[in-house]
Amino acid sequence: MSDRIRKGHLRQRIHIHIEGIVQGVGFRPFLHRLAEEHGICGWVRNTSAGLEGILEGETPELDLFLTELKTSPPPMAQIEAIRTENIDISSDTAQHTGTFDRFTIRESRIRTGSTLISPDITMCPECEAELYDPSDRRYRYPFINCTNCGPRYTIIESLPYDRERTVMKEFPMCQDCADEYSDIQDRRYHAQPDCCPDCGPEVFYTDSTAGTHARSISGDDTFLRSQELLTGGGILAVKGIGGIHLACDALNPDAVLRLRRRKHRAEKPLALMCRSLDAVRRICEITPEEEKLLTGPARPIVLLAKNKTVSDSQTARALDILSFSPRLGVMLPYTPLHTLLLDGTYGGPDILVMTSGNVPGCPVLTDNEAALSALADVADGFLLHNRRIANRCDDSLIAEWQGRPYFLRRSRGYAPRPIRLNIPVQTPPDGIPADADTGSACTGSPPADADGIFALGAEQKASFALGRGSYAFLSPYIGDLKNAETSEHYTGAMATYEKLFHLMPSVFVCDLHPDYLSTREAKRRSEQEHVPLMQVQHHWAHMASCMADNGLDGPCFGIIWDGTGLGTDGNIWGGEFLTGDLESFQRVGSIRPVLLPGGDRAVREIGRIALSLAKDAELSDLSCVPLPEEKRRMLSALIDMSPSSLPAASSIGRLFDGVCALILGRSEIDYEGEGAALVEAVSPVETPDLISKELYSRILPEREQNSRCQPPASLQELAWPVTFYEEDRLRIFDTRPVIRSIASELYSPHGKERNGILALRFMATLICMAADQCMALNPDRLPVVLSGGVFQNRFLLHGITSLLESNGFSVYTHHQVSTNDEGVALGQLAIARHRQKLSGAGSAVQPSDHYKRKKGA
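Predicted model only: the values in this text are computed from it and were never measured.

Q: Kindly report on the packing of aromatic side chains, identifying the contributing residues and their values.
A: Here the structure, examined in full by the defined rule, presents 16 aromatic pairs. Between Phe407 and Tyr414, the aromatic rings sit 4.9 Å apart at their centres with planes inclined by 90°, giving edge-to-face as the arrangement. Classification of Phe407 as buried rests on a relative accessible area of 3%. For the pair Trp561 and Phe791, a centre-to-centre distance of 5.5 Å together with 15° between the ring planes defines the contact as stacked. Taken together, the positions of Trp561 in strand S25 (residues 556–566) and Phe791 in the loop between strand S32 (784–787) and helix H24 (794–806) put the pair 230 residues apart, joining distant regions of the chain. Here Trp561 and Phe791 have matching classes, each one buried. Pairwise contacts between aromatic rings join Tyr153, Phe464, Tyr471, Phe473, Tyr490, Tyr497 and Phe501 into one cluster. Directly above the aromatic system of Tyr477 lies the positively charged group of Arg409, at a separation of 4.5 Å from the ring centroid. Here Arg412 stacks its cationic end above the ring of Tyr334, 3.5 Å away from the centre of that ring.

Q: How would you sum up the side chain of Glu180? Please name residues and give values.
A: Within the element layout of this structure, Glu180 appears in helix H4 (residues 175–182). When its relative accessible area of 12% is taken as the criterion, Glu180 is described as buried. Looking at Glu180, its side chain comes within polar contact range of the side chain of Arg137, at 3.1 Å. Contact partners of Glu180, with chain neighbours within four places excluded, come to Arg137, Arg138, Asp186, Arg188, Tyr189 and Asp194.

Q: Kindly report on unusual backbone geometry, identifying the contributing residues and their values.
A: Residue Pro416 is bonded to the preceding Ala415 through a cis peptide linkage, with omega at 10°. Tracing the backbone through its elements, the reader meets Pro416 in the loop between strand S18 (404–409) and strand S19 (419–420). Notably, Lys461 is not glycine yet its phi reads approximately 45°, a positive angle. Turning to its location among the elements, Lys461 is positioned in the loop between strand S20 (453–455) and strand S21 (465–468). Of note in this structure, His502 is not a glycine but carries a positive phi near 55°. On the basis of relative accessible area, His502 is assigned to the partly exposed category, the value being 41%.

Q: Before we move on, could you go through empty space enclosed by the protein and cite the residues and values that matter?
A: The final tally for this structure, using the stated rule, is 6 cavities of 30 Å³ or more. What the largest cavity holds in volume is close to 130 Å³. Lining the largest cavity are 19 residues; nearest its centre among them are Pro142, Ile241, Thr335, Pro336 and Arg387. Partitioned by chemical class, the residues of the lining of the largest cavity number 11 nonpolar, 6 polar and 2 charged.

Q: Run through the sheet that holds strand S24 (residues 533–536), naming residues and quoting values.
A: Judged by pairing direction, the sheet is mixed, and its 6 strands sit side by side in the order S19-S22-S21-S20-S23-S24 without closing on themselves. Each of the sheet's edge strands pairs with one partner strand only, and the pair in question is S19 and S24. Bridge count for S21 against strand S22 (residues 471–474) is 4 bridges, and the pairing is antiparallel. Each bridged residue has a counterpart across the sheet, and for Ala465 the counterpart in S22 is Leu474. Packed on one face of the sheet, helix H12 (residues 484–500) meets S20, S21 and S22 and runs near 10° to S21.

Q: Can you break down the nonpolar core residue by residue, with the values?
A: Counting residues in each nonpolar core, the largest one holds 179 residues, and the members touching the most others are Leu31, Leu341, Ile559, Trp561, Phe656, Phe762 and Leu766. By residue number, the principal contributor to this core is helix H23 (residues 755–777), which donates 15 residues. With residues up to four places along the chain from it excluded, the contact list for Leu766 reads Trp561, Ile652, Leu655, Phe656, Phe733 and Leu796. With 45 residues, the next largest nonpolar core counts Leu246, Val256, Leu294 and Phe382 among its residues.

Q: Residue-level account of the pattern of salt bridges, with values.
A: Within this structure, the stated rule accounts for 49 salt bridges. Where Asp162 meets Arg28, a salt bridge forms, and the shortest distance between an N and an O atom there is 3.8 Å. Of the two residues, Asp162 sits in the loop between helix H3 (125–131) and H4 while Arg28 sits in helix H1 (residues 27–38), which places them 134 residues apart along the sequence. With respect to class, Asp162 is no different from Arg28; both count as buried. Two residues, Arg761 and Glu745, come together in a salt bridge whose shortest N-O distance is 2.6 Å. On the criterion of sequence distance, the pair formed by Arg761 in helix H23 and Glu745 in helix H22 (residues 736–747) is long-range, its members being 16 residues apart.

Q: Lay out helix H2 (residues 59–71) with the relevant residues and their values.
A: In a regular helix each residue adds 1.5 Å, so 13 residues correspond to 18 Å; H2 covers 18 Å between its end C-alpha atoms and thus fits that length. Among the residues making up H2, those that are buried are Thr59, Leu62, Phe65, Leu66 and Leu69. Viewed end-on, H2 has its buried residues packed into an arc of 115°, placing them on one side of the element.

Q: Go over helix H9 (residues 313–322), please, and point to the residues and values.
A: Among the residues of H9, those classed as buried are Thr315, Ala318, Leu319, Ile321 and Leu322. Taken end-on, H9 shows its buried residues confined to a sector of 160°, consistent with a single buried face. The exposed set on the far side of H9, more than 90 degrees from its buried face, consists of Ser313 and Asp320. Against helix H6 (253–263), strand S11 (272–274), helix H7 (277–283), strand S13 (301–306), strand S14 (327–331) and strand S15 (351–356) lie the buried residues of H9. Its side-chain oxygen 3.3 Å from the backbone nitrogen of Gln314, Asp312 forms the N-cap of H9.

Q: Describe in detail the packing of H6 against H9, supporting the description with residues and values.
A: Direction vectors running N to C along H6 and H9 enclose 15°, while the axes themselves pass 9 Å from each other. Between H6 and H9, the interaxial angle falls into the category roughly parallel. Relative to H9, the crossing made by H6 is left-handed. Across the interface between the two elements, Pro253, Asp254, Val256, Leu257 and Arg260 from H6 touch Gln314, Arg317, Ala318, Ile321 and Leu322 from H9. When grouped by side-chain class, the residues that make up the contact of H6 with H9 number 6 nonpolar, 1 polar and 3 charged.

Procedures and definitions
- Residues numbered from 1 in each chain as written.
- Predicted model: local features only at pLDDT ≥ 70, side-chain atom pairs only at ≥ 80, totals over all residues.
- Heavy atoms only, no water.
- Phe/Tyr/Trp six-rings, centres within 6.5 Å; stacked < 30°, edge-to-face > 60°.
- Buried < 20%, exposed > 50% of the residue type's maximum accessible area, 1.4 Å probe, protein only.
- Helix = DSSP H or I, 4+ residues; strand = E, 2+ residues; numbered from the N terminus.
- Lys NZ or Arg CZ within 6 Å of the ring centre and 35° of its normal.
- Polar contact = N/O pair within 3.5 Å; in protein donor to acceptor, adjacent residues only side chain to side chain.
- Contact = heavy atoms within 4.5 Å.
- 1 Å grid on protein atoms, 1.4 Å probe; cavity = no way out; pocket = protein on both sides within 12 Å on 5 of 7 lines; lining within 4 Å.
- Points joined across faces, edges and corners; volume = space filled by probe spheres on them.
- Nonpolar A, V, L, I, M, F, W, Y, C, P; charged D, E, K, R; others polar.
- Pairing = 2+ DSSP bridges.
- Axes fitted to C-alpha atoms, helices over the stretch in contact; angles between N-to-C directions.
- Core = buried A, V, L, I, M, F, W, Y, C linked by side-chain atoms within 4.5 Å.
- Salt bridge = Lys/Arg side-chain N within 4 Å of Asp/Glu carboxyl O.
- Expected span 1.5 Å × (residues − 1).
- Arc of directions from axis to C-beta.
- Parallel < 35°, antiparallel > 145°, perpendicular 65-115°, else oblique.
- Left-handed = near helix turned anticlockwise from the far one by under 90°.

Below, the structure written as structure tokens:
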């Protein structure tokens, strides 16, 4: 390093590169202000790889500059790497020739590589203050934003992040906005979505289906008309940042029921948007950890416990209609448009239903014309605007677990922020790892880390994960891949990610199930683009997802419970106990399979599963099965005559469905997973630690209670018999004694009135079964990972974690991706990354390559 003296001070020049989420978050203005503060000259600019610049200043001031850069970046920035190179000031190369007398922001430069993109950000306090300041030129303007807040992912079309590469290019800035944009002292300095009422997008209200030319009301009158409609019990379609919602007064039972009928959403819980925390507290209980999630910059939907002290009968009825669960999904306004809609200026409600505006089973709508057509028979009015949505992005849905987010849907506010893969891959000293199954050596030059790994996920709650370096870029919410519309959204979102992040596939990874649209897409692209294909068993991918989520790479014990996943034996799995790592796995335990008369029909007609369970348990009286007698007789004959022709599932999800049918008398459900949610909802407590002595006595009135007995020790007494048998070298949980116990209680006096107690005892039995399997099948006390959609059940999640930890096991759960099938893609990517890093594999990988059968099988 060479230095020169100016005015008696030691000066230094450096070339700096910054990687991470550094575009669209006010990073260059931040650097400009920081440079002025420390007397730094030079320049910075956006590049496709992040940000670069030349800095020159006194050495102590440069050191302070770099320290503040690392410790106090803008709130929404995420710095992944900072690289600096010293430049000899006295002998500059041609590239760096010249002297600097000030600090400037240069025009962006596009190079090979790519940067990261910020998720959409909730309105900042400064913009909210201006929104309600009558003297401000953006007073009540629904598109107010600055460098610290506003749309990002949903408006971007390509990188680098500059206005001409976003939908805002359609709104040229007026002179006032241009002056702000160019003023280093202004909060909107280089804010790409900057706009005002004179030059920006417009909001309008219409109740017509004739198209946007029929807009009837514009300006602030749109919020007058919208609030009046909502107050009168109407249904309003609202265009936000990433899609269109359907809204109504959440505390008006008639309005909510009308919305349910029109949307064909009979029972599935509805999300809410509340004006303020005070409004939330009227209907929900909030812990400090939940409040932090609720008010954070991502503004997700957070599952909150219903307020048990609600006294108003209409409000109580409305809360029951909104959700059969003891919890409600609640979010706060995250755009100025939503804030104005809920502010009550014109007497509007302060708590709204805010559910997706879509055709059933299809993605949320984003286009005005499409919404006016598709929602014509659903919405009474439309609050729309003329800013295009470049990238669809649904609301995220989370619960609080162990003080951190527990994702049920990872989307707006989080996507497209990638997940860092912090999993070191260990290689033997000679650098040539032995294949786990064949013992053969794997050779080749592996690609850089996760580069080019395209993991295409599953079918339910579809997602994809695309690899670049140490990053996994997870898709926003897609939905179930069941139709052409969702498939088009899936492939379109993937194409967007490939373009934005400059990704090229080196291997496609998918599920084993041949009929999944994601599998078909992976095979199609593999053949078309001549790229290798790797297929990964569903539950191993779940296990690997939780491992990657927690930075684990060594052997683990997986408790993987869900509804459906194709096993290596061709059967449906879903109640699995696995041992393994990212190279291979072994299935060591499961549950007794249940026959599914009618195949996929049984997933919705859960009375069929109840009948199958009852017959398997050899119940002489089948009157507890909620099916018409003739149908029960016909299906019984089918089960008796040709059981081998029927599909069977060793699935906790299907077991929940059957038990739901038995204890609640339900023959059908409306959506996948509803059976398990209904069982959880009727339990008198949410988690085992809330079981009181009084409740314990109610559950087991025939026993003399030990006053010193406290949960969770009492769980074992609450559980029904837990028995196992061995088959094909697997330790199988026998469900028949449980079904007999349920039937016995149902047939007892007042049995039907004790459905909540039956639900609690059933879940307590599953918790004890899981612990028993872990103790028997995990003698080495490997780390335990919990994954699969069943672990959206708070009672099981809390109970299994607590019971295993109290017995000395280390238990890991999800906190960066969803535990349901949305997280499967991350596991697929982690497995492929491990295999490619070890072997440089490009060849197709089949189930036999990674599945190890138990010795002696």
